[in-house]
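# Tertiary structure, described
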Amino acid sequence: MPEAKQERSKKRIQIILETAEIILLDEGLEFLTIANISKYSGLKRTSTYKFFPTPDSVKEALILKYVQDCSKYFKERSSNISTENLSVVILRCVEILYDYFQESRSSQIIILNNTIAPPINSSAMRLLAENIETFTESNIKLPEMHNKDGVYRVLTQIIISIFSLNVKEGGLLNETGKIEAHRAGYSYMLNWVNQSS
(Lines give C-alpha, C1' and ligand atoms only; values in the text may rest on other atoms or scores of the structure.)
Protein backbone atom coordinates (compact mmCIF):
# COMPACT_ATOMS: atom_id res chain seq x y z
CA MET A 1 0.00 0.00 0.00
CA PRO A 2 2.66 2.61 0.87
CA GLU A 3 4.26 1.99 -2.55
CA ALA A 4 1.04 2.93 -4.37
CA LYS A 5 0.75 6.06 -2.21
CA GLN A 6 4.36 6.99 -2.99
CA GLU A 7 3.69 6.52 -6.71
CA ARG A 8 0.62 8.80 -6.47
CA SER A 9 2.70 11.43 -4.68
CA LYS A 10 5.40 11.27 -7.37
CA LYS A 11 2.75 11.67 -10.07
CA ARG A 12 1.22 14.68 -8.33
CA ILE A 13 4.62 16.35 -7.95
CA GLN A 14 5.26 15.76 -11.65
CA ILE A 15 1.86 17.28 -12.56
CA ILE A 16 2.57 20.31 -10.34
CA LEU A 17 6.00 20.90 -11.91
CA GLU A 18 4.70 20.41 -15.47
CA THR A 19 1.86 22.85 -14.75
CA ALA A 20 4.30 25.34 -13.22
CA GLU A 21 6.43 25.16 -16.38
CA ILE A 22 3.38 25.89 -18.58
CA ILE A 23 2.43 28.89 -16.41
CA LEU A 24 6.03 30.10 -16.50
CA LEU A 25 6.15 29.99 -20.31
CA ASP A 26 2.61 31.22 -21.03
CA GLU A 27 2.08 33.82 -18.33
CA GLY A 28 5.39 34.57 -16.62
CA LEU A 29 7.06 34.10 -13.27
CA GLU A 30 4.75 36.45 -11.35
CA PHE A 31 1.78 34.18 -12.16
CA LEU A 32 3.48 31.16 -10.64
CA THR A 33 1.22 30.95 -7.57
CA ILE A 34 -0.17 27.97 -5.67
CA ALA A 35 -3.69 29.10 -6.63
CA ASN A 36 -2.84 29.14 -10.36
CA ILE A 37 -1.02 25.82 -10.20
CA SER A 38 -4.02 24.22 -8.47
CA LYS A 39 -6.44 25.80 -10.95
CA TYR A 40 -4.57 24.69 -14.08
CA SER A 41 -3.48 21.27 -12.81
CA GLY A 42 -6.93 20.29 -11.54
CA LEU A 43 -5.43 19.35 -8.18
CA LYS A 44 -6.92 20.58 -4.93
CA ARG A 45 -5.10 23.51 -3.39
CA THR A 46 -4.50 21.49 -0.19
CA SER A 47 -2.87 18.76 -2.30
CA THR A 48 -0.54 21.31 -3.92
CA TYR A 49 0.29 22.91 -0.54
CA LYS A 50 1.16 19.49 0.85
CA PHE A 51 4.07 19.15 -1.59
CA PHE A 52 4.89 22.83 -2.14
CA PRO A 53 3.84 25.18 0.68
CA THR A 54 4.97 28.35 -1.16
CA PRO A 55 5.55 29.55 -4.74
CA ASP A 56 9.28 29.75 -3.88
CA SER A 57 9.33 26.03 -3.03
CA VAL A 58 7.91 25.32 -6.52
CA LYS A 59 10.57 27.58 -8.07
CA GLU A 60 13.32 25.83 -6.11
CA ALA A 61 12.08 22.42 -7.31
CA LEU A 62 12.01 23.63 -10.92
CA ILE A 63 15.52 25.12 -10.58
CA LEU A 64 16.79 21.80 -9.22
CA LYS A 65 15.15 19.92 -12.10
CA TYR A 66 16.66 22.27 -14.71
CA VAL A 67 20.15 22.16 -13.20
CA GLN A 68 19.95 18.33 -13.25
CA ASP A 69 18.75 18.47 -16.89
CA CYS A 70 21.57 20.89 -17.73
CA SER A 71 24.13 18.59 -16.12
CA LYS A 72 22.86 15.63 -18.16
CA TYR A 73 22.81 17.78 -21.32
CA PHE A 74 26.42 18.85 -20.66
CA LYS A 75 27.62 15.29 -20.07
CA GLU A 76 26.00 14.06 -23.31
CA ARG A 77 27.66 16.80 -25.38
CA SER A 78 31.10 17.03 -23.84
CA SER A 79 33.48 14.66 -25.52
CA ASN A 80 37.23 15.10 -25.78
CA ILE A 81 37.97 17.85 -28.31
CA SER A 82 41.70 17.07 -28.55
CA THR A 83 43.10 20.43 -27.58
CA GLU A 84 45.39 21.62 -24.85
CA ASN A 85 44.28 25.22 -25.26
CA LEU A 86 42.51 26.25 -22.05
CA SER A 87 40.61 29.06 -23.80
CA VAL A 88 39.13 26.62 -26.34
CA VAL A 89 38.10 24.17 -23.60
CA ILE A 90 36.41 26.91 -21.51
CA LEU A 91 34.69 28.23 -24.64
CA ARG A 92 33.29 24.74 -25.32
CA CYS A 93 31.98 24.55 -21.73
CA VAL A 94 30.32 27.95 -22.17
CA GLU A 95 28.85 26.94 -25.55
CA ILE A 96 27.27 23.75 -24.19
CA LEU A 97 25.68 25.61 -21.26
CA TYR A 98 24.60 28.43 -23.62
CA ASP A 99 22.95 25.91 -25.96
CA TYR A 100 21.10 24.29 -23.05
CA PHE A 101 19.63 27.62 -21.93
CA GLN A 102 18.77 28.57 -25.53
CA GLU A 103 16.86 25.30 -25.94
CA SER A 104 15.14 25.55 -22.56
CA ARG A 105 13.31 28.88 -22.44
CA SER A 106 11.71 27.99 -19.08
CA SER A 107 15.12 27.41 -17.46
CA GLN A 108 16.24 30.79 -18.81
CA ILE A 109 13.24 32.44 -17.12
CA ILE A 110 13.59 30.74 -13.75
CA ILE A 111 17.37 30.36 -13.38
CA LEU A 112 18.77 33.32 -15.29
CA ASN A 113 16.01 35.91 -14.89
CA ASN A 114 15.00 35.22 -11.32
CA THR A 115 16.10 36.30 -7.87
CA ILE A 116 16.22 32.72 -6.56
CA ALA A 117 19.50 31.30 -7.83
CA PRO A 118 20.62 27.69 -7.76
CA PRO A 119 22.66 27.22 -4.57
CA ILE A 120 26.33 26.75 -5.41
CA ASN A 121 26.66 23.85 -2.94
CA SER A 122 23.56 21.95 -4.02
CA SER A 123 24.15 18.39 -5.22
CA ALA A 124 22.86 19.37 -8.69
CA MET A 125 25.34 22.26 -9.01
CA ARG A 126 28.14 20.02 -7.74
CA LEU A 127 27.30 17.44 -10.41
CA LEU A 128 27.30 20.07 -13.16
CA ALA A 129 30.67 21.40 -11.90
CA GLU A 130 32.04 17.83 -11.79
CA ASN A 131 30.99 17.29 -15.42
CA ILE A 132 32.78 20.52 -16.40
CA GLU A 133 35.86 19.38 -14.46
CA THR A 134 35.85 15.93 -16.12
CA PHE A 135 35.53 17.47 -19.58
CA THR A 136 38.26 20.08 -18.93
CA GLU A 137 40.67 17.51 -17.56
CA SER A 138 40.01 15.04 -20.37
CA ASN A 139 41.56 17.68 -22.64
CA ILE A 140 44.15 19.47 -20.53
CA LYS A 141 46.53 18.40 -17.80
CA LEU A 142 46.15 21.26 -15.36
CA PRO A 143 48.55 21.75 -12.44
CA GLU A 144 47.42 20.57 -9.00
CA MET A 145 45.21 23.19 -7.40
CA HIS A 146 44.00 23.62 -3.85
CA ASN A 147 40.24 22.89 -3.47
CA LYS A 148 39.83 21.83 -7.11
CA ASP A 149 36.13 20.96 -6.61
CA GLY A 150 35.51 24.47 -5.32
CA VAL A 151 37.38 25.99 -8.28
CA TYR A 152 35.07 24.23 -10.75
CA ARG A 153 31.95 25.13 -8.75
CA VAL A 154 33.00 28.79 -8.90
CA LEU A 155 33.73 28.48 -12.65
CA THR A 156 30.23 27.04 -13.16
CA GLN A 157 28.71 29.82 -11.07
CA ILE A 158 30.66 32.51 -13.01
CA ILE A 159 29.27 31.25 -16.33
CA ILE A 160 25.69 31.08 -15.04
CA SER A 161 25.99 34.50 -13.32
CA ILE A 162 27.23 36.18 -16.51
CA PHE A 163 24.39 34.55 -18.47
CA SER A 164 21.98 35.82 -15.80
CA LEU A 165 23.32 39.37 -16.05
CA ASN A 166 22.99 39.19 -19.84
CA VAL A 167 19.33 38.08 -19.60
CA LYS A 168 18.49 40.74 -16.98
CA GLU A 169 20.03 43.47 -19.16
CA GLY A 170 18.71 42.36 -22.54
CA GLY A 171 15.66 40.23 -21.83
CA LEU A 172 17.17 37.19 -23.56
CA LEU A 173 20.44 35.31 -23.52
CA ASN A 174 22.54 36.36 -26.51
CA GLU A 175 26.05 36.22 -28.00
CA THR A 176 27.26 38.98 -25.66
CA GLY A 177 26.50 36.71 -22.70
CA LYS A 178 28.42 33.88 -24.34
CA ILE A 179 31.47 36.09 -25.08
CA GLU A 180 31.54 37.61 -21.58
CA ALA A 181 31.05 34.24 -19.84
CA HIS A 182 33.99 32.84 -21.82
CA ARG A 183 36.16 35.85 -21.02
CA ALA A 184 35.37 35.73 -17.28
CA GLY A 185 35.59 31.93 -17.00
CA TYR A 186 38.86 31.78 -18.90
CA SER A 187 40.41 34.62 -16.83
CA TYR A 188 39.39 32.89 -13.62
CA MET A 189 40.86 29.53 -14.67
CA LEU A 190 44.01 31.11 -16.10
CA ASN A 191 44.58 32.86 -12.80
CA TRP A 192 44.42 29.47 -11.01
CA VAL A 193 46.74 27.84 -13.54
CA ASN A 194 49.29 30.67 -13.16
CA GLN A 195 49.11 30.50 -9.36
CA SER A 196 49.55 26.73 -9.35
CA SER A 197 52.41 26.56 -11.87
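Before any of the text, the structure's been laid out above.
What comes next is a walk through the structure. (Residues numbered from 1 in each chain as written. Predicted model: local features only at pLDDT ≥ 70, side-chain atom pairs only at ≥ 80, totals over all residues. Heavy atoms only, no water.)

## Remarks on the overall build of the protein
To keep it simple, the criterion reads: Helix and strand definitions here come from DSSP, where helices need a minimum of 4 consecutive H or I residues and strands a minimum of 2 consecutive E residues; each element is numbered from the N-terminal end. Each residue is assigned to one of three classes by its accessible area relative to the maximum for its type, calculated with a 1.4 Å probe on protein chains only: buried under 20%, partly exposed between the two thresholds, exposed over 50%. Contacts are residue-level and defined by heavy atoms, with any inter-residue pair within 4.5 Å sufficient. Reported accessibility uses the Shrake-Rupley method at a 1.4 Å probe radius. Residues are deemed covered only where the shown protein chains occlude them. Positive residues here are Lys and Arg, negative ones are Asp and Glu, while His and the chain termini are left out of the count. The location of each charge is read from NZ of Lys, CZ of Arg, CG of Asp or CD of Glu.
Broken down by element type, the protein carries nine helices and zero strands. The secondary structure elements of the protein, listed N-terminal to C-terminal, are α-α-α-α-α-α-α-α-α. Across the 197 residues of the protein, 48% fall into the buried class. Of all intrachain contacts in the protein linking residues separated by at least 6 positions in sequence, the fraction that spans at least 24 positions is 69%. Only carbon and sulfur atoms are counted for the fraction: they give 52% of the accessible area of the protein, which is about 10600 Å². Averaged over its 23 positive side-chain charges, the protein has a centre that lies 8 Å from the centre of its 23 negative ones.

## Quick word on helix α7 (residues 123-139)
The line we're drawing: Expected helix span is taken as 1.5 Å per residue step, with the number of steps being one fewer than the number of residues.
Over its 17 residues, α7 extends 25 Å from the first C-alpha to the last, a length consistent with the 24 Å expected when each residue adds 1.5 Å. Among the residues of α7, Ala124, Met125, Leu128, Ala129, Asn131, Ile132, Glu133, Phe135, Thr136 and Asn139 are the ones counted as buried. Its buried side turned inward, α7 meets α4 (55-77), α5 (86-103) and α8 (148-170).

## Concerning the side chain of Asn131
On the secondary structure map, Asn131 appears in helix α7. Residue class for Asn131 comes out buried when judged on its relative accessible area of 9%.

## Side note on the packing of aromatic side chains
Heads up, the condition is: Any pair of Phe, Tyr and Trp rings, taking the six-membered ring for Trp, is counted once the centres come within 6.5 Å. Such a pair is stacked with planes under 30 degrees apart, edge-to-face with planes over 60 apart, and tilted for the rest. Counted as over-ring charges are cases with an Arg CZ or a Lys NZ within 6 Å of the ring centre that also lie within 35 degrees of the ring normal.
Using the criterion set out here, one finds five aromatic pairs in the structure. Seen in terms of ring centroids, Tyr100 and Phe101 are 5.4 Å apart; in terms of plane orientation they differ by 75°. Their pairing is edge-to-face. The class of Phe101 is buried, set by a relative accessible area of 1%. Arranged with centres 6.1 Å apart and planes meeting at 80°, the rings of Phe101 and Phe163 form a pair that is edge-to-face. Residue Phe101 is found in helix α5, and its partner Phe163 is found in helix α8; the two are separated by 62 residues along the sequence. Across the pair, exposure class does not vary: Phe101 and Phe163 are buried alike. Arg77 extends its terminal NZ or CZ atom over the ring of Tyr73, reaching a point 3.6 Å from the ring centre. The ring of Tyr98 has Lys178 lying over it, and the distance from NZ or CZ to the ring centre is 4.5 Å.

## Overview of the nonpolar core
Within soluble globular proteins, side chains that are nonpolar tend to cluster in buried spots. Stated formally: Residues grouped as a nonpolar core are buried Ala, Val, Leu, Ile, Met, Phe, Trp, Tyr and Cys residues, joined through side-chain atoms within 4.5 Å.
If you look at the biggest cluster of nonpolar residues, it comprises 58 residues, and the most contacted ones within it are Leu32, Ile110, Ile111, Phe163 and Met189. Contributing elements (two or more residues each) for this core: α1 (2-26), α2 (34-41), α4, α5, α6 (105-112), α7, α8 and α9 (175-196). The element best represented in this core is α5, accounting for ten residues. Setting aside anything within four residues of it in sequence, one finds Leu32 in contact with Ala20, Ile23, Leu24, Ile37, Pro55, Lys59, Leu62 and Ile110.

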